[in-house]
Amino acid sequence: MMNKTMAKQMAQKDGFIAALDQSGGSTPKALKLYGVAEDAYSNDEEMFAVIHAMRARIIKSPAFTGEKVIGAILFERTMDGEIDGIPTADYLWDKRGIVPFLKVDQGLMAEENGVQLMKPMTGLDALLERAVAKNIFGTKMRSVVNAADKDGIEAIVAQQFEVGRQILGHGLMPILEPEVNIKIADKAEAETLLLAAIQRHLDSVPAGQQIMLKLSLPTVANLYKPLVDDPRVMRVVALSGGYSRDEANRLLSANDGVIASFSRALTEGLSDGQTDAEFDATLAAAIDSIFEASRKA
């Protein structure tokens, strides 16, 4: 059964979702940006311990509360970890007032028809059962569009909605993330095809239920407004996708009703070497700017 208080916050409250879900492949890059070189850890366990400490530092920072950050997406190891002896998801909700989500995809397949589908999700039902037991509200899963190929985009949307319905079956809120690569030449055309495919597949959402969507900031402002207004969509959120924070905020502000779900753009400027005061001030400024861009939307 979906937590009604969390659902109300996600559906109605001003704010944005923090994406703290870098996984194995993207963790070294995230740590390097944070000022931690690869020679600072010697294996995966040490690497994940360092990234967990970084995430815990963010979550415990005074500005990181449900006042402006309404949700946070966690990596599986972060969900399984603790902050001050409290399971991470419970710490987020009970101590910070932030709704916890879990990244559930296992990475991308090789490109075919201009898209990268998600790898088969072995053991997804078991992971979803663990997520429910750990008081996770919803999930997120990412696939990538690299070309305006109608068949490829149809395949990527069909896969997202199929797995989304499986997630709904566990009482969790799925965030579907068919990301459009911001660097492709035919981005605007790909986004038009993506919108049409999503609108078709919304008919497959079970009656009385909703999904969420995480989409690249569109070339044409307000392209996704029909999705924002669709009663089957709880919220449309945007990824920063490689834009700087300032550029992502500028583009987000032009899209009515869309809120941020930024990862790198949120942590931009944070460093392991900062004092707590410097770290907290940098994070607070980032949160304020992303909150304002989301609220204007």
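Located above this text is the structure these notes cover.
Nothing here was measured: the structure is a model prediction, and the numbers come from that model.

**A few points about helix 7 (residues 150-168)**
Here helix 7 spans 27 Å end to end across 19 residues, near enough to the 27 Å set by a 1.5 Å rise per residue. Taken as a whole, helix 7 has its buried residues at Gly152, Ile153, Ile156, Val157, Gln159, Gln160, Phe161, Val163, Gly164, Ile167 and Leu168. Among the structural elements, strand 6 (115-116), helix 6 (124-133), strand 7 (138-145), strand 8 (173-180), helix 8 (187-201) and strand 9 (211-216) are those in contact with the buried residues of helix 7. For helix 7, the N-terminal capping position is held by aspartate 149, with its side-chain oxygen 3.0 Å away from the main-chain nitrogen of aspartate 151.

**Looking at empty space enclosed by the protein**
The final tally for this structure, using the stated rule, is one cavity of 30 Å³ or more. Along its surface, the largest cavity is lined by Leu215, Ser216, Leu217, Pro218, Tyr224, Val236, Val237, Ala238, Asn255 and Val258. At the level of secondary structure, the elements contributing two or more residues to the lining of the largest cavity comprise strand 9 and strand 10 (233-239). The residue makeup of the lining of the largest cavity, split by class, is eight nonpolar, two polar and no charged.

**Description of the pattern of salt bridges**
On inspection of all chains with the given rule, the structure shows 19 salt bridges. Taking the shortest distance from any N to any O, the salt bridge between aspartate 80 and lysine 134 comes out at 4.0 Å. Placement of the pair is aspartate 80 in helix 4 (residues 76-80) and lysine 134 in the loop between helix 6 and strand 7, with a sequence separation of 54 residues. Across the pair glutamate 292 and arginine 295 runs a salt bridge, and its minimum N-O distance is 2.8 Å. Of this pair, glutamate 292 and arginine 295 both sit in helix 12 (residues 276-296), three residues apart, which is roughly one turn of that helix. The exposure class assigned to glutamate 292 is partly exposed, which follows from its relative accessible area of 30%. One continuous salt-bridge network, built from bridges that share partners, spans Glu76, Asp80, Arg130 and Lys134.

**Remarks on the packing of helix 7 against helix 8**
Orientation of helix 7 relative to helix 8, taken along the N-to-C sense of each, is 40°, at an axis distance of 9 Å. Between helix 7 and helix 8, the interaxial angle falls into the category oblique. Judged by the twist between their axes, the crossing of helix 7 over helix 8 is right-handed. Here Lys150, Ile153, Glu154, Val157, Ala158 and Phe161 of helix 7 lie close against helix 8, whose contacting residues are Ala190, Leu193, Leu194, Ala197, Ile198, Arg200 and His201. The residue makeup of the contact of helix 7 with helix 8, split by class, is nine nonpolar, one polar and three charged.

**Points about the pairing of strand 10**
Taken across its seven residues, strand 10 has seven buried, putting it largely inside the fold. Note that strand 9 and strand 10 share six bridges and pair parallel. Looking across to strand 10, one finds that isoleucine 211 is bridged to valine 233. Bridge count between strand 10 and strand 11 (residues 259-262): two bridges; the pairing is parallel. Along strand 11, the bridge assignment pairs valine 237 with isoleucine 259. Crossover handedness for the path strand 10 to helix 10 (residues 245-253) to strand 11: right-handed.

The rules we used
Residues numbered from 1 in each chain as written. Predicted model: local features only at pLDDT ≥ 70, side-chain atom pairs only at ≥ 80, totals over all residues. Heavy atoms only, no water. Helix = DSSP H or I, 4+ residues; strand = E, 2+ residues; numbered from the N terminus. Expected span 1.5 Å × (residues − 1). Buried < 20%, exposed > 50% of the residue type's maximum accessible area, 1.4 Å probe, protein only. Contact = heavy atoms within 4.5 Å. Polar contact = N/O pair within 3.5 Å; in protein donor to acceptor, adjacent residues only side chain to side chain. 1 Å grid on protein atoms, 1.4 Å probe; cavity = no way out; pocket = protein on both sides within 12 Å on 5 of 7 lines; lining within 4 Å. Points joined across faces, edges and corners; volume = space filled by probe spheres on them. Nonpolar A, V, L, I, M, F, W, Y, C, P; charged D, E, K, R; others polar. Salt bridge = Lys/Arg side-chain N within 4 Å of Asp/Glu carboxyl O. Axes fitted to C-alpha atoms, helices over the stretch in contact; angles between N-to-C directions. Parallel < 35°, antiparallel > 145°, perpendicular 65-115°, else oblique. Left-handed = near helix turned anticlockwise from the far one by under 90°. Pairing = 2+ DSSP bridges. Right-handed = clockwise from strand over helix to strand, strands pointing away.

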